[in-house]
Amino acid sequence: MRKPVRLLILVMLIALVAAACGAGGSSDTTAPESTTAPESTTAPESTTAPEKEVKKVAFFGFSAANGFAQATWAGIQEGAAELGVEVKFFDPNFDANTQVSQIQDAITSGDYQAFIIQANDGNAV
């Protein structure tokens, strides 16, 4: 009797984790297709800022020496190649202060339209 209950709990936990991983939204970096109103009506002008096309992505991993960060970097490179996006790995070598400084420098440079961060210290970031 205990084995089926444990199995059910395990399956439910796996489903919960899978749902949480997929709840982050779309990772599509292309602008949505625009829709136009029929010619007989006038569409209202947009009041939102125009979307920037993502050309460069900064990845702030834990450390280049970390296996998990390397696996994440490989996935980022693969996705970037498919989308034609340039990516750069910033290596703080497990130093939270260095990582925060790298993030600040990347923001100041204005070169990157998106960041992927594996925070060494979530509070500092």
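Calculation notes
- Position numbers for residues start from 1 in each chain and track the written sequence from start to end.
- Under the rules for a predicted model, residues below a pLDDT of 70 receive no local features and side-chain atom pairs below 80 are neither given nor counted, while totals for whole chains, interfaces and linings still include all residues.
- The basis for every side-chain value is the complete set of heavy atoms in the structure, and neither hydrogens nor water enter the calculation.
- Under the DSSP-based scheme used, a helix requires at least four consecutive residues in state H or I and a strand at least two consecutive residues in state E, with every element numbered from the N terminus.
- Only protein chains enter the calculation, and the probe is 1.4 Å; a residue is then buried if its accessible area is under 20% of its type maximum, exposed if over 50%, and partly exposed in between.
- By definition in these notes, contact holds between two residues if any of their heavy atoms fall within 4.5 Å.
- Each pair of strands is called paired provided DSSP finds at least two bridges between the two strands.
- Convention adopted: a line fitted to C-alpha atoms gives each axis, helices being fitted over their contacting stretch, and angles between N-to-C directions are expressed from 0 to 180 degrees.
- To estimate the expected span of a helix, count its residues, drop one, and scale the result by 1.5 Å.
- Under the rule applied, a polar contact is a pair of N or O atoms within 3.5 Å (in protein, one hydrogen donor and one hydrogen acceptor; residues adjacent in sequence only if both atoms are side-chain atoms).

Student: Would you mind showing me how to read the side chain of serine 63 here?
Tutor: On the secondary structure map, serine 63 appears in the loop between β1 (56–60) and α2 (67–83). Under the relative-accessibility criterion, serine 63 is labelled buried at 0%. Once residues lying within four places of it in the same chain are set aside, the contact partners of serine 63 are Ala69, Phe89, Asp91, Asn93 and Phe94.

Student: Mind showing me how you'd approach the sheet that holds strand β3 (residues 114–117) here?
Tutor: Strand order in the open sheet made by the three strands is β2-β1-β3, with parallel pairing throughout. Each edge of the open sheet carries a strand with a single partner, namely β2 (86–90) and β3. Going across the sheet, the axis of each strand differs from the next one's by a mean of 20°, ignoring polarity. Direction of pairing for β1 relative to β3: parallel, over a ladder of four bridges. By the bridge assignment, valine 57 is partnered in β3 with alanine 114. On the sheet, α2 packs against β1, β2 and β3 and is oriented at approximately 165° with respect to β2. Strands in contact with helix α3 (residues 96–109) are β1, β2 and β3; relative to β3, the strand with the most contacts, it is inclined by about 170°.

Student: Mind showing me how you'd approach the environment of aspartate 121 here?
Tutor: Mapped onto the fold, aspartate 121 is located in the segment after β3. Sequence spacing of aspartate 121 and glutamine 99 is 22 residues, and the spatial spacing of their C-alpha atoms is 8.9 Å. When neighbours within four sequence positions are excluded, aspartate 121 is seen to be in contact with Ala96 and Gln99.

Student: What is the right way to read α3 from this model?
Tutor: Each α-helix winds once per 3.6 residues, and so residues spaced three or four apart point in a common direction. Compared with the 20 Å implied by 1.5 Å per residue over 14 residues, the 20 Å span of α3 between its first and last C-alpha is a close match. Here the buried face of α3 lies against β1, β2 and β3. N-cap assignment for α3: the residue whose side-chain oxygen lies 2.9 Å from the backbone N of asparagine 97 is aspartate 95. Positioned one or two residues after α3, glycine 110 has a phi angle of 70°, which is positive.

Student: Got a minute to help me understand the side chain of glutamine 102 in this structure?
Tutor: Position of glutamine 102 among the secondary structure elements: in helix α3. Contacts of glutamine 102, omitting those with residues within four sequence positions, involve Phe60, Phe90, Asp91 and Pro92.

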